[in-house]
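What follows is the residue order along each chain.
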Amino acid sequence: MDTKQLFEWSATYHMPNFARAPIVLVRGDGMRVWDTEGHEYLDFGAGLAVTALGHSHPRVTGAIREAGATLLHVSNLYHNVPQIHLAKLLCEHSFAEQVYFSNSGAEANETAIKLARKYGKERFSTDRYEIIATHNSFHGRTMAAVTATGQPKYHHGFEPLVPGFKHVPYNDLRAMERAVDNRTAAILVEPIQGEGGVHIPDDDYLPGLRKLCDESGALLILDEIQTGIGRTGRLWSYEHAGVEPDVMTVAKALANGLPIGATLTRRDIASVMTPGTHGSTFGGNPFCTAVALVCFTTVLDEKIPAKAARVGRYLIDGLRRIATDRPVIREVRGKGLLIGAELSAPAAPIVDACRDAGLLILSAGEKVMRLAPPLIADERDCDRALEIIDRVLAAR
Ligand SMILES: Cc1ncc(COP(=O)(O)O)c(C=O)c1O
């Protein structure tokens, strides 16, 4: 494969919205991926916290083969078997009673927002449509999801945004309390802010939001798109806080890389979405749901959340050890295998240098280096990643 030619075609034929790194990836196996030049990379980004079971996991590959040869797509004009089983399994392993399937995280959040508006209007009053989200959040790129996203850099050029959204500082219960009123349809937050810099709220934050919602009738929507499916060391991140949401959005790791989103809620809330109110051509198709079913079952069978908790502690300890010698790391924070190292310098050059040294990692915000490896990572993988990070930081 002529890599230079591929770069040229990429620049010619792609819209220029992505700042892609100068490698072309062609193959993956477990924790590793390879580029067109045969270079091997240890993958501690997991395609933005997606490939929880790693690359080419035999059960996932088997499910893809079987589902592809059985039934790729039928519309939601009909029932299909894997979609029903996946909805049932997700409900059996969460607070939820009903599920709506879509194709991405943004779409799962769009659905949650539409659901909250319809619920607010029907159960309370016509002006109960406001969504309160938080500064520094990330909820996706579609118009309502990007409006909910509390980062102005994602808004520029796309105004006017969707009306009916307010933002308050994250992890600030008093601010949320002041913002909630009888127009509030829902509070929408990430249990841990991922893209915004791996910010973990105080222990009383989610319980406090739960109480505010109970008192006001607003729905608590938790965006578990990045934190869900075991990434933080529990199947769902809300389990750490001992409270349940009214609505939860899931995507990313649900089918280990196939496009799927899900919006989960209780039956009484879901009941406002009567036939014809919402829909999607591809959402919940038999191919993606069959693969998601196997992925989710594998996560449960292989006790992936507990593994992520154990290995995550090991990785955090390792980063904190590095931080004692490398003062560019100001703080290491994380839960399970969603980990951020706050730096005193921009993260992008360090991410680039790690990649050149054979390690794929992410940034989150300008100065946070984010590690979100596949949840199958073990201590040896962490040692290798830590060794590369230490070497890169030592050379700066
Ligand atoms: C918390 C959160 N919500 C929503 C999204 C958007 O998901 P998608 O890119 O699948 O639309 C992301 C993606 O990074 C995310 O991290």
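In short, a report on the structure. (Residues numbered from 1 in each chain as written. Predicted model: local features only at pLDDT ≥ 70, side-chain atom pairs only at ≥ 80, totals over all residues. Heavy atoms only, no water.)

1. A short note on the overall build of the chain
Keep this limit in mind: Numbering goes from the N terminus for both helices and strands, where a helix is a DSSP run of H or I of at least four residues and a strand is a run of E of at least two. In this scheme, a residue with accessible area under 20% of its type's maximum is buried, one over 50% is exposed, and one in between is partly exposed, where area comes from a 1.4 Å probe on protein chains only. We call two residues in contact when some of their heavy atoms are within 4.5 Å. Accessibility throughout is a Shrake-Rupley quantity obtained with a 1.4 Å probe, and a residue counts as covered only by protein chains that appear here. Asp and Glu are treated as the negative residues and Lys and Arg as the positive ones, with His and the ends of the chain left uncounted. Taken as the charge location is NZ of Lys, CZ of Arg, CG of Asp or CD of Glu.
Looking only at helices and strands, the chain features 14 helices and 15 strands. Expressed as lengths along the three principal axes of its C-alpha atoms, the size of the chain is roughly 60 × 50 × 45 Å. Expressed as a percentage of the 396 residues in the chain, the buried residues total 54%. Considering only contacts within the chain whose residues lie at least 6 apart along the sequence, 70% involve residues at least 24 apart. With an accessible surface of roughly 17700 Å², the chain has 54% of that area assigned to carbon and sulfur atoms. Placing the 43 positive and 47 negative side-chain charges of the chain at their respective mean positions leaves the two points 1 Å apart.

2. With respect to the pattern of salt bridges
As a reminder of what qualifies: We count a salt bridge whenever a side-chain nitrogen from Lys or Arg sits within 4 Å of a carboxyl oxygen from Asp or Glu.
For the structure shown, the criterion picks out 23 salt bridges. Its salt-bridge partner being Asp-181, residue Arg-183 comes within 2.9 Å of it at the nearest N-O pair. For Arg-183, a relative accessible area of 36% corresponds to the partly exposed category. We classify Asp-181 as partly exposed; its relative accessible area is 25%. Salt bridges sharing common partners tie together Arg-210, Asp-214, Asp-246, Arg-266 and Asp-268.

3. Regarding the environment of Asp-204
With respect to the element layout, Asp-204 can be found in the loop between strand E7 (184-189) and helix H8 (205-216). With 33 residues separating them along the chain, Asp-204 and Asn-171 place their C-alpha atoms 9.0 Å apart.

4. Some thoughts on the site of the ligand
Quick reminder of the rule: We call a residue near a molecule or strand as soon as one heavy atom of that residue lies within 4 Å of the molecule or strand. Under the rule applied, a polar contact is a pair of N or O atoms within 3.5 Å (in protein, one hydrogen donor and one hydrogen acceptor; residues adjacent in sequence only if both atoms are side-chain atoms). When residue character is reported, Ala, Val, Leu, Ile, Met, Phe, Trp, Tyr, Cys and Pro are called nonpolar, Asp, Glu, Lys and Arg charged, and the others, Gly included, polar.
Surrounding the ligand, one finds Ser-104, Gly-105, Ala-106, Asn-109, Phe-138, His-139, Gly-140, Glu-190, Asp-223, Ile-225, Gln-226 and Lys-252. Contact distances for the ligand include 2.8 Å between an oxygen atom and a backbone N or O atom of Gly-105. One of the backbone nitrogen or oxygen atoms of Ala-106 is found 2.8 Å away from an oxygen atom of the ligand. Taken by itself the ligand offers 390 Å² of open surface, and the protein chains cover 80% of this. Top contributing element to the shell around the ligand by residue count: helix H5 (residues 105-123), with 3 residues. Residues belonging to the shell around the ligand are distributed by class as follows: 3 nonpolar, 6 polar and 3 charged.

5. Section: the side chain of Thr-149
Position of Thr-149 among the secondary structure elements: in the loop between helix H6 (143-148) and strand E6 (165-168). Relative accessible area serves as the criterion here: at 0%, Thr-149 is assigned to the buried category. Only 2.9 Å separates the side chain of Thr-149 from the backbone oxygen of Ala-145, close enough to count as a polar contact. Residues in contact with Thr-149, not counting those within four places in the same chain, are Ser-137, Phe-138, His-139, Gly-140, Tyr-154, His-155 and His-167.

6. What to know about the state of the cysteines
Under the convention used in this document: In what follows, a disulfide is any cysteine sulfur pair within 2.5 Å.
Inspection of every chain in the model, using the stated rule, returns 0 disulfides. As a non-bridged cysteine, Cys-295 has Cys-288 as the owner of its nearest cysteine sulfur, 10 Å distant. Using a relative accessible area of 2% as the deciding quantity, one classes Cys-295 as buried. Unpaired in this structure, Cys-382 has its nearest cysteine sulfur neighbour in Cys-354, at a distance of 14 Å. Overall, the relative accessible area of 0% leaves Cys-382 in the buried class.

7. Things to note about the sheet that holds E7
Put simply, the test is: Between any two strands, at least two bridges found by DSSP are needed for them to pair. Here an axis means a line fitted to C-alpha atoms, over the contact stretch when the element is a helix, while the angle between two N-to-C directions is reported on a 0 to 180 degree scale.
Pairing is mixed across the open sheet formed by 7 strands, whose spatial order is E4-E10-E9-E8-E7-E5-E6. Looking at which strands have only one partner, the edges of the open sheet turn out to be strand E4 (98-102) and E6. In this sheet, adjacent strand axes meet at a mean angle of 20 degrees when their direction is disregarded. Bridge count for E4 against strand E10 (residues 261-265) is 5 bridges, and the pairing is antiparallel. Looking across to E10, one finds that Ser-102 is bridged to Gly-261.

8. Here's the deal with the sheet that holds strand E1 (residues 25-29)
Pairing is mixed in the open sheet, where 4 strands are placed in the order E1-E2-E3-E13. The open sheet is flanked by E1 and strand E13 (359-360), the only strands paired with a single partner. The pairing of strand E3 (residues 40-43) with E13 spans 2 bridges and is parallel. Counterpart to Leu-42 in the pairing with E13 is Leu-359.

9. Quick word on helix H14 (residues 379-394)
Every α-helix winds through 3.6 residues per turn, so residues three or four apart in the chain are directed the same way. Rules: For a helix, the expected span equals 1.5 Å multiplied by the residue count minus one. An arc is given here, and it is the one of the directions from the helix axis to the C-beta atoms.
Between its first and last C-alpha, H14 extends 22 Å over 16 residues, near the 22 Å set by a 1.5 Å rise per residue. Among all positions in H14, only Asp-381, Cys-382, Ala-385, Leu-386, Ile-388, Ile-389, Val-392 and Leu-393 are buried. Seen from one end, H14 has its buried residues packed into an arc of 165 degrees, which puts them on one side. Sitting at the amino-terminal end of H14 is Asp-378, which places a side-chain oxygen 3.1 Å from the backbone nitrogen of Arg-380.

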